[in-house]
Amino acid sequence: MEDDELVATLPVFLNHAPAGESRESSRSGVRLELFQYPLYPRDHPLPVPVSAAERGQSIASRLRPRSNRVEMDLPLDVRTSVFNSEKGGEYAEATERLDQIPVPGEVKQERSMQDSPRFDRIRLESFDVPNAAEYMICTVKDGELHLTPLDAVLQLRPSMQHVDMLSQAEANERQGRAPVSDDEQETQSMQDKRPGIVPLNVSLRTDAMRSGADSYRSSRDAQDSEAERWVNLRWVDEHASDMRKLTEQHLLAHSRAALHCDHRVKDFF
């Protein structure tokens, strides 16, 4: 087997924090995270239908910094040829109390009392991807290769809140319509008032106590996460005018310190 032809030799620079300084502070408090979209085509931008763009809609996103949770709203194509208006109306009524992620600079149109709610966005929510190694972003510019470590990798998948809330609304409606006789109501009332004896077995187990403490801690963490305030983000795609400035500011190494590799090339094969 012939050796591959050498195309180019590039100097490699590492864009990281100096010794004793955190990575975030070295980039002015900016975190670099990779978003993965498993259900969308690779090497394609997130879909914004033409009909949605004509309505003035765009991608909206927000972040809870401490818990590192991200939510994103994507506009839907609501043309009658591809959209089930009846089902969309049911989802819209069930999820009307969900807050909509605002887009910075977008003028929100007020809906009149006669207008029915509209399900015209799908929400994505983030899930952490455990890092099995140190992941980096590679940027090639002016014959140089710059490596910038990632702070986290998140997968964004569609939230099923609209399905859950519609199912709950339908269940509540069925319970409200179910006829209950007077005798059944009286029997149920007597059962609710009847005192009951509940046997309890109490034992001291270290593992159980530790498990209970872990569950309590997880519950508190979840409550703290839900109580954390959302921070609205500004969505910038690769065609934005300030993308070049952001790339040079955060993805290019500002230090030209030489890197030394302790491994030989054949060690990797």
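Preceding block: the structure.
So, how was this worked out
Residues numbered from 1 in each chain as written. Predicted model: local features only at pLDDT ≥ 70, side-chain atom pairs only at ≥ 80, totals over all residues. Heavy atoms only, no water. Phe/Tyr/Trp six-rings, centres within 6.5 Å; stacked < 30°, edge-to-face > 60°. Helix = DSSP H or I, 4+ residues; strand = E, 2+ residues; numbered from the N terminus. Buried < 20%, exposed > 50% of the residue type's maximum accessible area, 1.4 Å probe, protein only. Lys NZ or Arg CZ within 6 Å of the ring centre and 35° of its normal. Polar contact = N/O pair within 3.5 Å; in protein donor to acceptor, adjacent residues only side chain to side chain. Pairing = 2+ DSSP bridges.

Chemist: When you look at the packing of aromatic side chains in this model, what are you seeing that I'm missing?
Modeler: The geometry of an aromatic ring pair comes down to the distance between the two centres and the angle between the two planes. For the structure shown, the criterion picks out one aromatic pair. Taking the centre distance of 5.5 Å and the plane angle of 45 degrees together, the rings of tyrosine 91 and phenylalanine 119 count as tilted. With a gap of 28 residues between them, tyrosine 91 in helix 3 (residues 85-94) and phenylalanine 119 in the loop between helix 3 and strand 5 (121-128) connect regions that are remote in the sequence. As far as the burial class goes, tyrosine 91 and phenylalanine 119 line up, both buried. Between the NZ or CZ atom of lysine 87 and the centre of the ring of tyrosine 91, over which it lies, the distance is 5.7 Å.

Chemist: What is the right way to read the environment of arginine 234 from this model?
Modeler: Position of arginine 234 among the secondary structure elements: in the loop between strand 9 (231-233) and helix 7 (243-250). According to the relative accessible area criterion, arginine 234 is exposed, its value standing at 56%. Among the polar contacts made by the side chain of arginine 234, one reaches the side chain of aspartate 242 at a distance of 3.2 Å.

Chemist: So what exactly am I meant to see when it comes to the pairing of strand 4 (residues 69-75) here?
Modeler: Consecutive side chains of a regular strand alternate in pointing toward one face of the sheet and then the other. With six of its seven residues buried, strand 4 lies for the most part within the structure. When strand 3 (residues 60-64) meets strand 4, the two strands line up antiparallel, connected through five bridges. Counterpart to alanine 60 in the pairing with strand 4 is aspartate 73. Linking strand 3 to strand 4, which pair antiparallel, is a turn of four residues; within it asparagine 68 sits at a positive phi near 55 degrees. By the bridge criterion, five bridges tie strand 4 to strand 5 in an arrangement that is antiparallel. Pairing of proline 75 across the sheet is with arginine 121, part of strand 5.

That's the geometry; what it means functionally is another story.
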